[in-house]
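As a plain string of letters, each chain reads:
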Amino acid sequence: MALSTILGYPRIGQGRELKAALESFWKGKSQESDLLQTASALRALHWKLQQETGIDAVPANDFSLYDQVLDTSAHFGVVPARYQWNGAPVDLATYFAIARGAQHSGIDVPASDMTKWFDTNYHYIVPEFAADQQFKISSNKPVDEFNAAKEAGIKARPVLIGPLTYLLLGKKQGGKNLDLLDRLLPAYVESLQKLEQAGAEWVQLDEPALVLDLDDSTRAAYAKAYAQLRQAAKLKLFVTSYFGALGGNTDTALKLPVDALHIDLVRSKDQLDDILAKAPPNLILSLGVVDGRNIWCNDLEQSLALLERAAAKIGKDRIWVSASCSLLHTPYDLDLETKLDPELKGWMAFAKQKLQEIVILTKGLNQGRTAIADALAVSAKAAAARKSSTRIHDSAVKERLKKQPLAEAGRKTGFDARRKLQQARLHLPLYPTTTIGSFPQTSEVRQRRADVKGKRITDADYDTFLKTQVKSAITFQEEIGIDVLVHGEFERNDMVEYFGEQLSGFAFTKNGWVQSYGSRCVKPPVIFGDVSRPRPMTVYWSHYAQSLTDKPVKGMLTGPVTILQWSFVRDDQPRSVTTHQIALALQDEVLDLERAGIRIIQIDEPAFREGLPLRRANWNEYLQWASRGFRLSYTGVKDDTQIHTHMCYSEFNDIFDSIKELDADVISIETSRSQMELLDAFTGAKYPNEIGPGVYDIHSPRVPSQEEMVALLDKATQRLDAWQIWVNPDCGLKTRDWPETKAALEKMVAAARAMRAKQPQRQAV
């Protein structure tokens, strides 16, 4: 008989209980024991839910207080020297210092790098491997959570990140990461043996790196690693791949001496036949037929057909029915959406509902289609209703896009000429200072937003409140000497949701939260139909802010690719088409901002790199339509209007040529955690436009010194011309508190002035 399973489950809880517990602990309002008790209760609740739904094989150790990659580093004692770890079991103070930095009691250490988990909006803490890195078991978390599940009456399957993926995700001082494999494997062996001694029968080893372009030496390393693990451990080994097809790594994966292999049939159902033909006779195949990355109902008929095809080839006993990847990337429970439009709700499934879909499909495979006939009928009806719904299609939007000469999107005047016009209009100093956009969203700001939504205050009262916030922010920026101001975005709940709420073709949930990193949760909009802009979205607040000052105030927009990437996107048309529809809506906004007297407009694209396909063969197609989408969003602006964009936590080497093709006048990027290393991508091929390399990390509560920022700017001047450099934080300041924000920005302005003192005259344009 086929079995049902999942690879992982959301951690945050239906009411974001984990977020609340983490932030309370970080602020010193609760004890470590309180945080651990909340985590324990959530784990138990999620295990019980899976068991009661009918999931046959439940994972454990898929839960994390911050990030599963950081958990792996703590488990194997990968703690950079700056944290002064004494070699004892890694405690929470050290764990969170790696994730967030620390600044207290004479301690002042920055956080480790953070970047995107493959092509998702989930962030992980990058492991830092020393040249002589040693590995030892320094956390008992996998065994502890397996035992906790056992005590709850569930014999769970422990989850670990596989050794190759873990090494490939890190960065090493000198040499190649895989040079450390021989040192790492004994620690993995010890970990598996401890799980075996605790009574585990299976262990899940996540190896999503198997869907990347791997060279022969890495494939050989896979074979070597798993041969050693197989020889040393009696546990049954379950290796998972996800986020794409195995492709050229198919033979490598199928030859691993493991007992089960997971493949993603949502991203790549075409790989099934090849894998069925080549699979060893005793290998169990876990088939990911339910989408772990999106919120649309499963097409049960289509998924069951795939499962039946597999069963006809290898038999039901060798099949596990699963989601494509961990359900970490989906919201918790659709049942909580009591106000969502019933028709739209009928097209959706969140994590809890996806468990039910997996169980239904498993039952259908084992007992035949008649056993799930009612579910198949409901699924077919929902699919047909969605396909034919008039709410999805807007002929005016389709016609407008059809008439766009996409190849001509952007500006025809070159940057050098534009720069002269912009400097004549803006009169900016050398090393101009700015921020990325948002200022702290205090509890008062959030409460007033809730009050106006709940009709406890009037729209006029809310407008007056927001104007006091904007005016205060403008005054503060002027007082400390920032050159290009922002209005603070106090009216915005989220950089994507805010725009989606004002665009046609979007829907919104009340509790559709997903984890982005640590305690940071986002509530992605749902793009279900054609996109257009019924009315201006940001002009009112940008114009008001500009009326308060003679300094330029940036108009702030989220770019088309990021709106796409950070939404749950319709799957009935190419993503490129949806992106270009969004770009045309933003173009209307950009031109309205320009007409309102806004001289600088920032179109943020932090997710531009995130959208890059995992396989290089697919890059060109994506980069072409994504770049055109960005340029389309500002097509028609005047040459003396300065266009900015912002990107963060990206490997810019991969997309450098496309970043140039965006042709933004200024790009701001995250560089502080990497100590300006990310600028190397912009210097090797000489980036022609202006750059704002972030000089301090806003994801950490620590306030860097002026000297630290000057040192980073000095590093920037070794890579860039002085006239190119802007001075700004790494990212928006929405999640920070005002005291640390003010202290950090005052030091940032002082650092810029110190740099100007070294080069007092702005170079001629």
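Residues numbered from 1 in each chain as written. Predicted model: local features only at pLDDT ≥ 70, side-chain atom pairs only at ≥ 80, totals over all residues. Heavy atoms only, no water.

**A word on the packing of aromatic side chains**
Line of reasoning, step 1. Summed over all chains, the structure comprises 27 aromatic pairs.
Line of reasoning, step 2. For the ring pair F129 and Y166, a centre distance of 5.5 Å and an interplane angle of 80° mean the geometry is edge-to-face. Linking F129 in strand β7 (residues 128-129) with Y166 in helix α6 (residues 163-169), this pair joins segments that are 37 residues apart in sequence. Per residue, the accessibility class of F129 equals that of Y166, and both read buried. (Phe/Tyr/Trp six-rings, centres within 6.5 Å; stacked < 30°, edge-to-face > 60°. Helix = DSSP H or I, 4+ residues; strand = E, 2+ residues; numbered from the N terminus. Buried < 20%, exposed > 50% of the residue type's maximum accessible area, 1.4 Å probe, protein only.)

**A short note on the sheet that holds strand β18 (residues 526-532)**
Line of reasoning, step 1. Within the open sheet, the 3 strands sit side by side as β15-β18-β20. Their pairing is mixed. For this open sheet the edge positions go to β15 (504-507) and β20 (568-569), each flanked by a neighbour on one side alone.
Line of reasoning, step 2. Note: β18 against β20, 2 bridges, orientation parallel. Note on β20: the bridge partner recorded for V526 is F568.
Line of reasoning, step 3. The strands touched by helix α22 (residues 575-595) are β18 and β20; relative to β18, the strand with the most contacts, the crossing angle is about 55°. (Pairing = 2+ DSSP bridges. Contact = heavy atoms within 4.5 Å. Axes fitted to C-alpha atoms, helices over the stretch in contact; angles between N-to-C directions.)

**Some points on the pattern of salt bridges**
Line of reasoning, step 1. Scanning the entire structure with this criterion turns up 50 salt bridges.
Line of reasoning, step 2. Between D451 and R456 there is a salt bridge whose closest N-O contact spans 3.0 Å.
Line of reasoning, step 3. For R456, a relative accessible area of 54% translates into the label exposed.
Line of reasoning, step 4. Beyond isolated ion pairs, a larger network of salt bridges with shared partners links R43, D71, K141 and E145. (Salt bridge = Lys/Arg side-chain N within 4 Å of Asp/Glu carboxyl O.)

**Some remarks on the packing of helix α7 (residues 181-198) against helix α8 (residues 216-232)**
Line of reasoning, step 1. Look at α7 against α8: their axes get within 10 Å of each other, and the N-to-C directions meet at 35°. For the pair α7 and α8, the sense of crossing is right-handed. Facing α7, whose interface residues are L181, D182, L185, Y188, V189, L192 and Q193, α8 presents A221, K224, A225, Q228, L229 and A232.
Line of reasoning, step 2. Classifying every residue of the contact of α7 with α8 gives 9 nonpolar, 2 polar and 2 charged. (Left-handed = near helix turned anticlockwise from the far one by under 90°. Nonpolar A, V, L, I, M, F, W, Y, C, P; charged D, E, K, R; others polar.)

**Thoughts on empty space enclosed by the protein**
It is a probe the size of a water molecule, rolled over the atoms, that shows where empty space is left.
Line of reasoning, step 1. Tallying each qualifying case throughout the model produces 8 cavities of 30 Å³ or more.
Line of reasoning, step 2. Its boundaries defined by the atoms lining it, the largest cavity holds a volume of some 540 Å³.
Line of reasoning, step 3. Residue assignment for the lining of the largest cavity shows that the elements contributing at least two residues are β16 (514-517), β17 (520-522) and β19 (554-558).
Line of reasoning, step 4. Roughly 300 Å³ of volume is contained in the second largest cavity.
Line of reasoning, step 5. Lining of the second largest cavity is provided by 25 residues; of these, N61, D62, Q68, V159 and D206 occupy positions nearest its centre.
Line of reasoning, step 6. For the lining of the second largest cavity, the secondary structure elements donating two or more residues are α3 (68-75), α5 (141-151) and β8 (157-161).
Line of reasoning, step 7. Grouping the amino acids of the lining of the second largest cavity by side-chain chemistry returns 12 nonpolar, 8 polar and 5 charged. (1 Å grid on protein atoms, 1.4 Å probe; cavity = no way out; pocket = protein on both sides within 12 Å on 5 of 7 lines; lining within 4 Å. Points joined across faces, edges and corners; volume = space filled by probe spheres on them.)

**Details of the nonpolar core**
Line of reasoning, step 1. Counting 103 residues, the largest nonpolar core has W117, Y226, L287 and I319 as its most contacted members.
Line of reasoning, step 2. Top element by residues in this core is α7. It accounts for 9 residues.
Line of reasoning, step 3. Each residue touching L287, except ones within four places of it in the same chain, is listed here: H262, I263, L265, L272, L307, A310, I319, W320, V321 and S322. (Core = buried A, V, L, I, M, F, W, Y, C linked by side-chain atoms within 4.5 Å.)

**Some remarks on the sheet that holds strand β23 (residues 666-669)**
Line of reasoning, step 1. Reading across the sheet, the 5 strands line up as β19-β21-β22-β23-β24 and stay open at both edges, with parallel pairing between neighbours. Among the strands making up the open sheet, the edge pair consists of β19 and β24 (690-693). Direction aside, neighbouring strands of the sheet carry axes that sit 20° apart on average.
Line of reasoning, step 2. Note: strand β21 (residues 600-604) against strand β22 (residues 642-647), 3 bridges, orientation parallel. Opposite I600, over in β22, you have Q642 as the bridge partner.
Line of reasoning, step 3. Packed onto the sheet, α22 meets β19 and β21 and runs at close to 175° relative to β19.

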